[in-house]
Amino acid sequence: MKLNIAVLPGDGIGPEIMQQGVAVMDAIAEKFHHQISYKEAICGADAIDKVGDPFPEDTFRICQEADAVLFAAVGDPRFDNDPTAKVRPEQGLLAMRKKLGLYANIRPVQTFKCLLHKSPLKDELIAGADFICIRELTGGMYFGEKYQDNDKAYDTNYYTRPEIERILIVGFEYARKRRHHLTVIDKANVLASSRLWRQIAKEMAPQYPDVTTDYMFVDNASMRMLVEPTFFDVMVTENTFGDILTDEGSCISGSMGLLPSASTGESTPVFEPVHGSWPQAKGQNIANPLAQILSVAMLFEYFDLKEEGALIRKAVDVSLVNNIRTPEIQVEGGAQYGTREVGAWIVDYIRNA
């Protein structure tokens, strides 16, 4: 297969983990005889510094023309600590999602047996946890009408029926491919937008009689994720709730550095780790590249290259079992491995498999 990949390293640790993701992609291409070409583009704080725009038109064009986008991270403390900044790195990420029509964010949460002890939760609670959070990505408060002055501010949690229906379809279809259980998460006891979500979900559920559909308020869901994560199979929710819940899910796996994601919709799909740019670690060779590498696995699987994705996942599993790990998940007394060393080990495993 021939694939044209747009590569957006972004900010902070982004270029370091991206280097390992591309190396793994090249190793897979060599082993399975694929042809992959890359075009790198700027985004985030890096793009603001260079051209004043966190998602320039040239970057948008490169993404549009690609078969898929491999993205790393955006963010910089210069902007985080300045509430008056009019242009921010994260605006580039939101612009990419909106312009490419990427309304469905797919975030798997799973556990690794050898890393259960790294979670702050008890082993018996999280063992076997394996669920997907499907987050609506182009609506809600992130994109609704906004206002701010010195005395008041508001964000509008705006949703339309077509936006809700299309993301619910994604949720139901994923549930059909897995354990046939969908949880719709909202705040229908308080928010009008959530009541519309629940109304439409109840209208659609009879079209999927093979799927058990239940409904849960977001505060209850956030608690249930921590005390009984094995309850969930597929959850679907709106933009803001999904952002918060998926970050919470990282404590189940033991590290945000293990969680990949895919964003799909009307145009070029984007594959990225769920963690941020961790600027404090930039250039220190300590960032965990596994979420970026697992995002590459999701990219191959999107194009129905299941064997390729499975080999990447196996390489990651074996690396963890053999304690080839970056510092935040390494066992006490374990050997020291950095971003580059973990990536190189996985590349070697793929080549020799």
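See the structure printed just above.
Residues numbered from 1 in each chain as written. Predicted model: local features only at pLDDT ≥ 70, side-chain atom pairs only at ≥ 80, totals over all residues. Heavy atoms only, no water.

Caption draft 1: Molecular detail of helix 8 (residues 192-204). Helix length check: helix 8 (13 residues) gives 19 Å between terminal C-alpha atoms against 18 Å at 1.5 Å per residue, within 8%. By the burial criterion, the buried members of helix 8 are Ser193, Ser194, Trp197, Arg198, Ile200, Ala201 and Met204. Projected down its long axis, helix 8 shows its buried positions confined to an angular sector of 165°, all on one face. Structurally, helix 8 contributes buried residues whose contacts are with strand 5 (130-136), helix 7 (161-177), strand 8 (181-186), strand 9 (212-217), strand 10 (234-237) and helix 10 (239-253). (Helix = DSSP H or I, 4+ residues; strand = E, 2+ residues; numbered from the N terminus. Expected span 1.5 Å × (residues − 1). Buried < 20%, exposed > 50% of the residue type's maximum accessible area, 1.4 Å probe, protein only. Arc of directions from axis to C-beta. Contact = heavy atoms within 4.5 Å.)

Caption draft 2: Local environment of the layout of surface pockets. Each pocket or cavity is described by its volume, and for the largest pocket that value is around 1100 Å³. In this structure, the largest pocket is lined by 38 residues; those nearest its centre are Arg88, Glu90, Gln91, Leu94 and Tyr142. Mapped by element, the contributors of at least two residues to the lining of the largest pocket are strand 3 (68-73), helix 5 (89-99), strand 6 (146-148), strand 7 (153-155), helix 10 and strand 12 (270-273). Broken down by element, the lining of the largest pocket gets its largest block of residues, 5 residues, from helix 5. Classifying every residue of the lining of the largest pocket gives 16 nonpolar, 8 polar and 14 charged. (1 Å grid on protein atoms, 1.4 Å probe; cavity = no way out; pocket = protein on both sides within 12 Å on 5 of 7 lines; lining within 4 Å. Points joined across faces, edges and corners; volume = space filled by probe spheres on them. Nonpolar A, V, L, I, M, F, W, Y, C, P; charged D, E, K, R; others polar.)

Caption draft 3: Local environment of the packing of aromatic side chains. Counted under the stated rule, the structure contains 9 aromatic pairs. Between the aromatic rings of Tyr147 and Tyr154, the centroid separation amounts to 5.7 Å while the plane-to-plane angle is 25°, which identifies the pairing as stacked. On the accessibility criterion, Tyr147 (34% relative accessible area) is partly exposed. Ring centres of Trp345 and Tyr349 lie 5.8 Å apart, and the angle between their planes is 20°; this geometry places the pair in the stacked category. Here Trp345 and its partner Tyr349 are both found in helix 13 (residues 339-352), 4 residues apart, which amounts to about one turn of the helix. Among the aromatic side chains, those forming a connected cluster through ring pairs are Phe131, Phe231 and Phe232. Just above the ring of Tyr174 sits the side chain of Lys177; from NZ or CZ to the centre is 5.2 Å. (Phe/Tyr/Trp six-rings, centres within 6.5 Å; stacked < 30°, edge-to-face > 60°. Lys NZ or Arg CZ within 6 Å of the ring centre and 35° of its normal.)

Caption draft 4: View of unusual backbone geometry. Positioned with a positive phi, His33 is a non-glycine residue whose angle comes to about 65°. Looking at the element boundaries, His33 is found in the loop between helix 1 (14-32) and strand 2 (35-40). Positive phi, normally seen in glycine, also occurs at Asn323, with a value near 60°. Secondary-structure assignment places Asn323 in the loop between helix 12 (306-321) and helix 13.

Caption draft 5: Spotlight on the sheet that holds strand 4 (residues 104-110). The 10 strands are arranged 2-1-3-12-11-4-5-10-8-9 in an open sheet whose pairing can be described as mixed. The outermost strands of the open sheet, each flanked by one partner alone, are strand 2 and strand 9. Neighbour-to-neighbour, the strand axes of the sheet open up by a mean angle of 25°, direction not taken into account. Bridging between strand 8 and strand 9 involves 6 bridges; their strand directions are parallel. From the neighbouring strand, Thr183 faces strand 9, where its bridge partner is Asp214. Strands in contact with helix 1 are strand 1 (2-10), strand 2, strand 3 and strand 12; relative to strand 1, the strand with the most contacts, it is inclined by about 165°. (Pairing = 2+ DSSP bridges. Axes fitted to C-alpha atoms, helices over the stretch in contact; angles between N-to-C directions.)

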